[in-house]
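# Overview (structure and organization)
Below are the chains, spelled out letter by letter.
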Amino acid sequence: MSDTVNTGFSLDMQRKLYRWSAADPDKRFADLFNIVCDRRTLLHAWERLARNRGSNTPGTDRVTRKAVEERPDGVAGFLEDIRKDLRQGSYRPQPVRQRLIPKPGKPGKFRPLGIPTLKDRLVQMALKLVLEPIFEADFYPISYGFRPGRSTHDALSRVRHKLNPTSAGPSRTQYVIEGDIKGCFDAIDHHVLMDRVRRRIQDHKVLRLVLAFLKADIMIEGSLRHPVTGTPQGGIISPMRSNIFLHHVLDKWFEDVVRPRRRGKATLVRFADDFVMTFETHYDAKLVMDVLGKRLGRFGLTLHPDKTRFIDFRPQRHGGTPPDCKAQSFDFLGFTHAWQKSRKGKDVVRRTTAKSRFARSLVAVKEWCRTNRHRPAREQRAWLSAVLNGHYAYYGITGNIRRIQEYRYQVERIWHKWLERRTPGRVLIWANFRAFLARHPLPVARIIHRYTSWNESLA
């Protein structure tokens, strides 16, 4: 890095790193370790962690944020101890505590969540503050997952823009590949990932720190496992590492290899390990579908057999659906995308809450109401209101009002059922329950994300 940065964390420092990285795609950055170890960087990392409710979840050392704040020397002493360990080269990541999170609506299936110690989370956050702007300059706009200033709704808007017809003419998207990478976080190749990191980072101390977190032991029910692949979900820098890996494996391949060889238009939208590819011609879509699994297989990844589909997404399928396609809708980020008629009689893509997400959320509400039916009505109403408002905040998009109204109605039915069972033999008739709801009202279904163009004018 020709320009030396010798200051701690600041937004100006991040902007400089981004500009230098964007100006020279071959630049390798040195002198980054001093920024990571700077008191201001560590202090800002602590402030970022403090805003996260999960930061109080202890790791294998059982140290919580509250315990640090109650130390005689306080947070400043805690940060200074970490800084000294980093400077002296004695810092070593501690084992990551693995916790199995039940998958809603899937009995017996769990998602592994890695919980690093508070000290490790802090150092990971400091690393992220320094490395993120460097790699952000490399990432393509087609990637949306876990990136600053980007959200799931940005990815959904991009897909909507590519699928819906415009005033300039009919939609040119004809075929869709709905893709999902099976166990992506657990299958990331460490050698490939570190090779991509070394192409940008020259500071050997930073590289050793990144590798140390990648190789950190995992504590599973009291026994240690030494990982040879993967990056644990739950780590601060795990999403950034997966984006670096998938940028090389999928995004760059699509932009540099697939797009130049296409006959028609083609688009990729990726959010973490979920992605959607749209194509104008069956030839392009079929060619990519045939080689996609092989491309991922070169890097130890596999497509999920049940969640990856090749779809004929034409609104009118003249000549029938090709035998290698499925004539149906597809799901992406919790929404089902399907063709319907607008109020003006035009073909538009309508997005509604996916059935699996709808059912999964209601199962969680049912379980909570069952186990908490003894609580005061005000507490129950507060929890259910928070759930409904969160549901509206994500699924409240133009064209989905009926589904979120149905969701609210089902929540009311579940609440009624378990309130009625608080007292054995008691019958809570609906007239009395309606009077109860008047005293303890639940939030009304509403649209949060509105699209005003004519192609979203749906009943």
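Here, the structure is the one placed above.
Summary of the structure given here.

Conventions and cut-offs
Residues numbered from 1 in each chain as written. Predicted model: local features only at pLDDT ≥ 70, side-chain atom pairs only at ≥ 80, totals over all residues. Heavy atoms only, no water. Patch = residues over 30% accessible without salt bridge, like charges linked within 9 Å, V, L, I, M, F, W, Y side chains within 5 Å. Areas by Shrake-Rupley, 256 points an atom, 1.4 Å probe, with all protein chains shown as cover. Salt bridge = Lys/Arg side-chain N within 4 Å of Asp/Glu carboxyl O. Lys, Arg positive; Asp, Glu negative; His and termini not counted. Charge placed at Lys NZ, Arg CZ, Asp CG, Glu CD. Helix = DSSP H or I, 4+ residues; strand = E, 2+ residues; numbered from the N terminus. Phe/Tyr/Trp six-rings, centres within 6.5 Å; stacked < 30°, edge-to-face > 60°. Buried < 20%, exposed > 50% of the residue type's maximum accessible area, 1.4 Å probe, protein only. Lys NZ or Arg CZ within 6 Å of the ring centre and 35° of its normal. Pairing = 2+ DSSP bridges. 1 Å grid on protein atoms, 1.4 Å probe; cavity = no way out; pocket = protein on both sides within 12 Å on 5 of 7 lines; lining within 4 Å. Points joined across faces, edges and corners; volume = space filled by probe spheres on them. Nonpolar A, V, L, I, M, F, W, Y, C, P; charged D, E, K, R; others polar. Core = buried A, V, L, I, M, F, W, Y, C linked by side-chain atoms within 4.5 Å. Contact = heavy atoms within 4.5 Å. Axes fitted to C-alpha atoms, helices over the stretch in contact; angles between N-to-C directions. Expected span 1.5 Å × (residues − 1). Bend = angle between axes of the 7 residues up to and from the residue.

## Thoughts on a positive patch on the surface
A cluster of basic residues, R87, R92, K205 and R208, forms a positive patch at the surface. Among the structural elements, R92 can be located in the loop between α5 (74-88) and β1 (96-102).

## Let's talk about the packing of aromatic side chains
Counting across every chain of the model gives 16 aromatic pairs. A centroid spacing of 4.2 Å and a plane angle of 0 degrees characterise the contact between W368 and W383, whose relative ring orientation is stacked. Taken together, the positions of W368 in helix α13 (residues 355-371) and W383 in helix α14 (residues 377-395) put the pair 15 residues apart, joining distant regions of the chain. Here W368 falls in the buried class, since its relative accessible area comes to 17%. Pairwise contacts between aromatic rings join W415, W430, F433 and F436 into one cluster. Its guanidinium or amino end placed over the ring of Y283, R263 lies 3.6 Å from that ring's centre, counting from NZ or CZ. Above the face of the F358 ring, R403 is positioned so that its terminal group lies 4.2 Å from the ring centre.

## Observations concerning the pairing of strand β12 (residues 347-353)
Of all seven residues that make up β12, six are buried, and the element is covered over most of its length. The pairing of strand β11 (residues 335-341) with β12 spans seven bridges and is antiparallel. Following the sheet pairing, K341 is matched in β12 by D347.

## Regarding the environment of L17
Examined against the element boundaries, L17 turns out to sit in helix α1 (residues 11-23). Residue L17 is classed as buried on the basis of its relative accessible area, which comes to 0%.

## With respect to empty space enclosed by the protein
All chains considered together, the criterion is met by two cavities of 30 Å³ or more. As a volume, the largest cavity reaches approximately 50 Å³. Residues of the lining of the largest cavity, tallied by class, amount to five nonpolar, four polar and one charged. Its boundaries defined by the atoms lining it, the second largest cavity holds a volume of some 30 Å³. The set of elements that each furnish at least two residues to the lining of the second largest cavity consists of α6 (118-136) and α11 (238-261). No other element matches the three residues that α11 contributes to the lining of the second largest cavity.

## Some details on the nonpolar core
Grouped together as the largest cluster of nonpolar side chains are 73 residues, with contacts concentrated most on L32, L127, L131, I201 and M277. Top contributing element to this core by residue count: α6, with 11 residues. Not counting residues within four places of it along the chain, the set of residues in contact with I201 comprises R28, F29, L32, L131, I134, F135, V206 and L207. The next biggest cluster of nonpolar side chains, apart from the first, holds 45 residues, and it includes V269, I397, Y407 and L419.

## A word on the sheet that holds strand β4 (residues 218-220)
Taken in spatial order, the four strands of this open sheet run β2-β1-β4-β5, and their pairing is mixed. Strand pairing shows two members of the sheet lacking a second neighbour, β2 (110-115) and β5 (223-225), which therefore form its edges. Strand-to-strand twist of the sheet, defined as the mean angle between neighbouring strand axes without regard to direction, takes the value 40 degrees. As paired elements, β1 and β4 share two bridges and run parallel to each other. Across the sheet, the residue bridging to V96 is I218, located in β4.

## Things to note about helix α12 (residues 282-297)
Residue pairs three or four apart in sequence face the same way in an α-helix, which turns once every 3.6 residues. The end-to-end C-alpha separation of α12 is 23 Å, in line with the 22 Å expected for 16 residues at 1.5 Å each. Where α12 bends most, at V291, the angle is about 35 degrees. Turning to α12, its buried residues are D284, A285, V288, L292, R295 and L296. Tucked into the core, α12 has its buried residues touching β3 (175-182), α11, β7 (274-279), β8 (302-303) and β9 (309-312).

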